[in-house]
Amino acid sequence: MKIVAGSAILLGFLLVHLIKMMRLYLIVMDSGVSFDRFVPAYLRTTFVNLLIPYKLGEIYRIAVFGRISDGFRTGFFSVLIDRFFDTLALVLILLPYQLLITKQVTLPTLLLTAFLVVVLIAYRVFLPSYSFLNRYIITSRDSKRSMMALAGLEKVNRWYEYASGLVTGRYGILFLFSLAAWTAEMAVLAGFAHLCGKSFSVSDFGVYIESIVSGSSYDTKQLYTLCSAAVIAALTIIFTIRYLILSKRRAKGIK
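Residues numbered from 1 in each chain as written. Predicted model: local features only at pLDDT ≥ 70, side-chain atom pairs only at ≥ 80, totals over all residues. Heavy atoms only, no water.

Undergrad: Give a detailed account of the layout of surface pockets, specifying residues and quantitative values.
TA: Space inside the largest pocket adds up to approximately 910 Å³. Taken together, 42 residues make up the lining of the largest pocket; nearest its centre are Asn49, Lys55, Glu58, Arg83 and Ile212. Elements supplying a minimum of two residues to the lining of the largest pocket: helix H1 (2-28), helix H2 (35-51), helix H3 (57-68), helix H4 (72-102), helix H5 (107-139), helix H7 (171-195), helix H8 (202-214) and helix H9 (219-251). Taken together, the residues that form the lining of the largest pocket break down as 22 nonpolar, 10 polar and 10 charged. Estimated volume of the second largest pocket: approximately 460 Å³. Counting residues per element, the ones that place at least two in the lining of the second largest pocket are H4, H5 and helix H6 (144-167). Counting residues per element, the lining of the second largest pocket draws most heavily on H6, which supplies six residues. (1 Å grid on protein atoms, 1.4 Å probe; cavity = no way out; pocket = protein on both sides within 12 Å on 5 of 7 lines; lining within 4 Å. Points joined across faces, edges and corners; volume = space filled by probe spheres on them. Helix = DSSP H or I, 4+ residues; strand = E, 2+ residues; numbered from the N terminus. Nonpolar A, V, L, I, M, F, W, Y, C, P; charged D, E, K, R; others polar.)

Given below as structure tokens:
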């Protein structure tokens, strides 16, 4: 019975990361990253994220995807957008539950909500701010400093347009992928906790998220993280070897 339950949990875990991987690929697919190269990059950055607390592994992911695509801009915005939609779905699960059921909103939920608000405000106010500043600098007296400011503003605008292009027409599916991933992960965590002889609820899921944000830990999370890291490490090795073999075959002109 435990073997069957364990297999179901493993399949659920693979489904969670398949959804997350496809969400990120949907963002970077127009950046010249081949899917064969993307998969091992996603897996090894996920492995690093599991090992490093406070989600600091995302810095490594930015560097990796910046290197395999068309530069830092792609790495930074692909990770930022991925984190935004991931956080949006998570907050929409946790916040109503905490407001209506537990009557207590936790600090991690507030921090995640603040992150969403800051990103949304920055996105919404940039265009009117850009238009105003652009007109102000152009109509101000001509000077070297004004030209430098105008050039800097134009560069920021290009980055804004690039980031907008990464999600144009994809908002809905990115959100649905995120909601599906968190729902599946809750089910996987519940199954894993049950396999370990422990109960699991939405409140426990909130504690799990809090431990990720704060860097704290408890028995179930430690074991789940260890098992997750082992599975991701094995997949990373398999798909990295596959990518290297395919690359050598392409270099020799073998289909």
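Undergrad: Any details on the side chain of Thr46? Residues and values, ideally.
TA: Tracing the backbone shows Thr46 in helix H2. In this structure Thr46 comes out as buried when scored by relative accessible area, which is 6%. There is a polar contact of 2.7 Å between the side chain of Thr46 and the backbone oxygen of Tyr42. The contact partners of Thr46, leaving out residues within four places of it in the chain, are His17, Arg61 and Ile232. (Buried < 20%, exposed > 50% of the residue type's maximum accessible area, 1.4 Å probe, protein only. Polar contact = N/O pair within 3.5 Å; in protein donor to acceptor, adjacent residues only side chain to side chain. Contact = heavy atoms within 4.5 Å.)

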